[in-house]
Amino acid sequence: MSPLSRLAQPFRDPNPILRKELLGVLRTPLYLRALTASVLVLSSIVVAVAASSSDRYDHAQTGQAVFLLFFGGAALSMIVTGSVLGASAVSQEREARTLEALTLTGMPPWRLLLGKCLSVFAATALVPVAAVPILSMVGLFGGVNLGQIVIATGYTLTWGLFAVVFGAGVSAHSAHVRYAVFGALLLAFVGTFFGAALLTSLGHDLHTRYGLGLEGPFFFVDAYSAIPWGPEYRFYLITLPGVSLGLLLWGAFALGLAGLLEPGQDRTLPLKRWLLGAVAAGLGALTHGHAVFASTPRTRGVVAFLALAALAVVCLQLGFLWVTAPLATNPRMAREHAQRWLGALTPPTQRASFVWLLGVYALGAAVVVSVTARGDHLALASAWGLGWLATHLGLVGALANRKAQPIGSARAIMLGVILFTSALVWLIAALLRIDDVDRVLSIASLSPIWLLVAVERGLRAPSDPAWSAVIASAAGVYGLLGALSLGLYARNARARLVDGSSPRG
Amino acid sequence: MIRCEGLVQRFGGRTVLHGVSLDVPRGSVFGFIGPNGAGKTTTIRILATLSLPTEGRAEVAGVDVIAHPAEVRRKLGYMPDNAGIYERITAQEYLEFFASAAGVAVASRAKVIANVVELTEIGHLAGREVMALSKGQRQRLLLARTLLHDPEVLILDEPASDLDPRARIELRLLFAELGRMGKTIFLSSHILTELADICSHVGIIEQGRIVTAGTMADLQARLRPGLRVKLSALGPFEALDRVLKTFSFVKAVTPVATEAHEPREVTRVAVHYEGDHHRLAELVAALCRAEIALIAVEPERTNLEQIFMDVTTGAQPTEP
Ligand SMILES: Nc1ncnc2c1ncn2[C@@H]1O[C@H](COP(=O)(O)OP(=O)(O)O)[C@@H](O)[C@H]1O
Ligand SMILES: [Mg+2]
């Protein structure tokens, strides 16, 4: 097939799933009613806010408020509806026993997933698109220009697309719609929280330096016109969003693909491909950003960027764990998965991959140390390393353990550990009267990202006595988690030795 | 065309298939028969590449189902026992959807769909919503769908259960037609009579084990040697019995109940004898000579039901 006719192919023979789903949506009376209702709700809120604020603020400010409210609401509604509809995309077919007929047609899983994602996206995007006329009100007040509206629209649609693809990714691993919806909403909630926090911290830095009009996650809308063309513009406004958005979307899609592969296929293949791409793109972005780091040492933006990369690696590991759980209760599948994945993530059987993962962590630590131009390198690196090692051991322990036990009890154990350690930290914080939420979060969230932020702050005020308490509790918590995970792993290893057979089934 | 060897399937600690082996020759119509829970669907799902067996191997159209599932899928049409169906699309859209999904070329798609629609006689349903179709119409639509990619082998899991008699007969005619088109058909059923006429080969499964398999004629000869005939006459049973017992090749004479609407004087017996049709002619001549008013001579076909009753024990599957 020539490249040209390959390009024309989707138009001559459109994705059958996309076509069918859109037909179904348009013939669902409930959908049209819900669409109308949400547009009405959105517009009445906007009108109410505009009416109430117009006598206290000038016109431009009112315009901006309406603008932010509109896009904030649209993004939120797209995230919620996108994750819910995305989550039912594949699991509903599974529940209705129609998925098998589809797989038997030999349609490639990527095409199936693409059709699902596009149709759900089209259905959710219709809400903000149908509500766009409300924006004409902004024209009345002023304060926002057309370019900003275009960027904000693209931005909102991108959030929606994320929600849809992640939802579909979750859906591909769930046998029941309700679990998929729950999982996708949870993921959307956590993702929105972290994403908004990261964007806000990134924007905060640029905001003060360039005097952007908008703060918070919507700073991008202003940044494109306020920041002059140069290395920073290219890095923060082109490379960084491009690479991270692309990687996130690809990762979510890969997760979905993994869930649609055959019982006999290696379900981790899409994620392995993604990992290769992520490492390559990450290194490329770092190289590109080097000029920026060199000229502005230790900005919050850098921390945010690194945190984003770290989050991506965490997502990857969780994804690995998740896809190893076979959906069907077929002993042969369970056995093969157990063999393949116990091997891939645990030290004794496949030393190479373990060393490789540790190498990735070491590289991360090295990057942190090299880009944060001043400060106690040893403390930073050890905080980073401690966090990662504990996370890694936690995952390994959980994986090893869940292969030996019913999945439910392994999950309960891990959840218990997380809740207990988190509660412990809050308790310590309350006892010591530490009121810096950032610092408590840094430990309680068990996330190296927050730990890194806290370490950076601690280094700025080394004489702060509360700081040593934080370090001590961090060491305690991570130590506990690591020890427990090693214990779980060792226990399972012994059980397998005694048993002499493969675990479970 | 379809072959499996030593298929074992365990779910949890429970073994559902205990080494199922089957051989279905090309062009045959194979009836896979067994009570509910015998393991028919489990076997079929392995053949259709939808689940992996714990042990054993299977081939469809000469291709290993475990090693090359994608290739098997191209050659196989599978109709599940309780297939789901999409809401809010019409029968025509449903077929277009599956034709496109199966990769039928755009240029020939309309023709391919028209062909299967004609074969399964669902032309009048094209504009109807799939959800609104009756069970029988739905089965025909599903069958049309499985035929879209022109598979060599059709595997149909309980295609006729829950159908009314008319729909069942129509479906049976359709299978016979497909058999004539040279397709190998593998049908499962727990209802015996629905398959008897159209199957060339039969395999009977009970509690995860094949109890017997072969061609219908083969099974008949193996399990019920000798011939059977039903005679009806006017007069008492004893008169008939006396004449028939004089022949040494008659093995057994058993009275058969008559229908409620028949006159009381009608007597019917089942005669089991050895030999060919000349022997039967001898019997009829002897009865006439004895002035017995013979009113009917009907061959009693050994049907699947009798074979089934002979080979199965009727034991309930044991729960763990
Ligand atoms: N996924 C499964 N997990 C556990 N048991 C199963 C599973 N699938 C089928 N079984 C059991 O296997 C037995 C055979 O089922 P099946 O093959 O569906 O029988 P049938 O001959 O009626 O089609 C039944 O007792 C059923 O409960
Ligand atoms: Mg069945």
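Residues numbered from 1 in each chain as written. Chains lettered and ligands numbered in written order. Predicted model: local features only at pLDDT ≥ 70, side-chain atom pairs only at ≥ 80, totals over all residues. Heavy atoms only, no water.

**What about the overall build of chain B?**
Argument step 1. When helices and strands are counted, chain B shows 10 helices and 14 strands.
Argument step 2. In terms of overall dimensions, chain B has a C-alpha envelope of 75 × 50 × 35 Å along the principal axes.
Argument step 3. Looking at the 320 residues of chain B, the share that counts as buried comes to 50%.
Argument step 4. Only carbon and sulfur atoms are counted for the fraction: they give 51% of the accessible area of chain B, which is about 14800 Å².
Argument step 5. Computed over 36 positive and 39 negative side-chain charges, the separation of the two mean positions in chain B equals 2 Å. (Helix = DSSP H or I, 4+ residues; strand = E, 2+ residues; numbered from the N terminus. Buried < 20%, exposed > 50% of the residue type's maximum accessible area, 1.4 Å probe, protein only. Areas by Shrake-Rupley, 256 points an atom, 1.4 Å probe, with all protein chains shown as cover. Lys, Arg positive; Asp, Glu negative; His and termini not counted. Charge placed at Lys NZ, Arg CZ, Asp CG, Glu CD.)

**Regarding the overall build of chain A**
Argument step 1. In terms of regular secondary structure, chain A is built from 20 helices and 0 strands.
Argument step 2. Of all 505 residues assigned to chain A, the portion counted as buried reaches 49%.
Argument step 3. The contacts in chain A between residues at least 6 apart in sequence include a share of 75% that link residues at least 24 apart.
Argument step 4. Accessible area of chain A: about 23200 Å², with a carbon and sulfur share of 72%. (Contact = heavy atoms within 4.5 Å.)

**Observations regarding the sheet that holds strand E5 (residues 63-64) of chain B**
Residue and element names in this part refer to chain B.
Argument step 1. Spatial ordering of the open sheet is given by E2-E1-E4-E5, a layout of 4 strands whose pairing is antiparallel. A strand with exactly one partner marks an edge of an open sheet, and here the two such strands are strand E2 (14-24) and E5.
Argument step 2. Pairing between strand E4 (residues 55-60) and E5: 2 bridges, direction antiparallel. Residue Val-60 lies in a different strand from E5, and its bridge partner there is Val-63.
Argument step 3. Against the sheet, helix H1 (residues 40-47) engages strand E1 (2-11), E2 and E4, with an angle of about 120° to E1. (Pairing = 2+ DSSP bridges. Axes fitted to C-alpha atoms, helices over the stretch in contact; angles between N-to-C directions.)

**Some thoughts on the packing of helix H4 (residues 59-95) of chain A against helix H8 (residues 146-171) of chain A**
Packed helices, taken two at a time, are described by the angle between their axes plus the distance between the axes.
Residues and elements named next belong to chain A.
Argument step 1. At their nearest, the axes of H4 and H8 sit 7 Å apart, and the two run at 25° to each other. Taken together, the axes of H4 and H8 lie roughly parallel to each other. H4 and H8 meet at a crossing whose hand is right-handed.
Argument step 2. For the contact of H4 with H8, the per-class residue count stands at 16 nonpolar, 11 polar and 1 charged. (Parallel < 35°, antiparallel > 145°, perpendicular 65-115°, else oblique. Left-handed = near helix turned anticlockwise from the far one by under 90°. Nonpolar A, V, L, I, M, F, W, Y, C, P; charged D, E, K, R; others polar.)

**Side note on the sheet that holds strand E9 (residues 201-206) of chain B**
Residue and element names in this part refer to chain B.
Argument step 1. Spatial strand order, E6-E7-E8-E3-E9-E10: 6 strands in an open sheet with mixed pairing. Only two strands of the sheet have a single neighbouring strand rather than two, namely strand E6 (76-79) and strand E10 (209-215). Each strand of the sheet is rotated relative to its neighbour by a mean of 15°, with strand direction disregarded.
Argument step 2. Relative to strand E7 (residues 153-156), E6 runs parallel, the two being bridged by 4 bridges. Among the inter-strand pairings, Met-79 is bridged to a residue of E7, identified as Leu-156.

**Notes on the interface of chain B and chain A**
Argument step 1. Taken together, the 34 residues of chain B in the interface contact 32 residues of chain A.
Argument step 2. Regarding the contact of chain B and chain A, the summed buried area is about 2800 Å², with carbon and sulfur atoms giving 55% of it.
Argument step 3. Its largest share of buried area at the contact with chain A, chain B owes to Leu-52, Arg-73 and Arg-88 of chain B, together 24% of the area lost on that side.
Argument step 4. On inspection of chain B and its partner chain A, the count reaches 3 salt bridges.
Argument step 5. When the shortest N-O distance is used, the salt bridge between Glu-93 of chain B and Arg-27 of chain A registers 2.8 Å.
Argument step 6. Every element with two or more residues in the side of chain B that touches chain A is listed here: E1, E4, helix H3 (91-101) and helix H4 (106-120) of chain B.
Argument step 7. Looking at the side of chain B that touches chain A, the element that brings in the most residues is H3 of chain B, giving 6 residues.
Argument step 8. Across the side of chain B that touches chain A, the residue classes break down as 16 nonpolar, 9 polar and 9 charged. (Buried area = accessible area lost by both parts, 1.4 Å probe. Salt bridge = Lys/Arg side-chain N within 4 Å of Asp/Glu carboxyl O.)

**Considering unusual backbone geometry**
Argument step 1. In this structure, Thr-49 of chain B takes a positive phi of about 65° despite not being glycine.
Argument step 2. Examined against the element boundaries, Thr-49 of chain B turns out to sit in the loop between H1 and E4.

**Focus: the pattern of salt bridges**
Argument step 1. Taken as a whole and assessed by the stated rule, the structure comprises 22 salt bridges over all chains.
Argument step 2. Among the ionic pairs, Glu-93 of chain A bridges to Lys-20 of chain A, the shortest N-O distance being 3.4 Å. In this pair, Glu-93 of chain A sits in helix H4 while Lys-20 of chain A sits in helix H2 (residues 16-26), placing the two residues 73 residues apart along the sequence.
Argument step 3. A salt bridge links Arg-268 of chain B to Glu-262 of chain B; the shortest N-O distance between them is 2.7 Å.
Argument step 4. By relative accessible area, which is 12% here, Arg-268 of chain B ends up buried.

**A few points about the site of ligand 1**
Residue and element names in this part refer to chain B.
Argument step 1. Near ligand 1 you find Phe-11, Arg-14, Val-16, Pro-35, Asn-36, Gly-37, Ala-38, Gly-39, Lys-40, Thr-41 and Thr-42, and these make up its full shell.
Argument step 2. Note that an oxygen atom of ligand 1 is positioned 2.7 Å from one of the backbone N or O atoms of Gly-37.
Argument step 3. If ligand 1 stood free it would expose 560 Å²; the protein chains cover 64% of that surface.
Argument step 4. Where the shell around ligand 1 is concerned, the elements lending two or more residues are E2 and H1.
Argument step 5. Sorting elements by how many residues they give to the shell around ligand 1 places H1 first, with 3 residues.
Argument step 6. Split by residue class, the shell around ligand 1 holds 4 nonpolar, 5 polar and 2 charged. (Near = heavy atom within 4 Å. Polar contact = N/O pair within 3.5 Å; in protein donor to acceptor, adjacent residues only side chain to side chain.)

**Concerning the packing of aromatic side chains**
Argument step 1. On inspection of all chains with the given rule, the structure shows 17 aromatic pairs over all chains.
Argument step 2. For the ring pair Phe-219 of chain A and Phe-220 of chain A, a centre distance of 4.6 Å and an interplane angle of 25° mean the geometry is stacked.
Argument step 3. Taken together, the aromatic side chains of Tyr-155, Phe-219, Phe-220, Tyr-224, Trp-229 and Tyr-233 of chain A make up a single cluster linked through ring pairs.
Argument step 4. Directly above the aromatic system of Phe-97 of chain B lies the positively charged group of Lys-20 of chain A, at a separation of 5.1 Å from the ring centroid.
Argument step 5. For Arg-279 of chain B, the ring lying beneath its charged end belongs to Phe-249 of chain B, and the centroid distance is 4.6 Å. (Phe/Tyr/Trp six-rings, centres within 6.5 Å; stacked < 30°, edge-to-face > 60°. Lys NZ or Arg CZ within 6 Å of the ring centre and 35° of its normal.)

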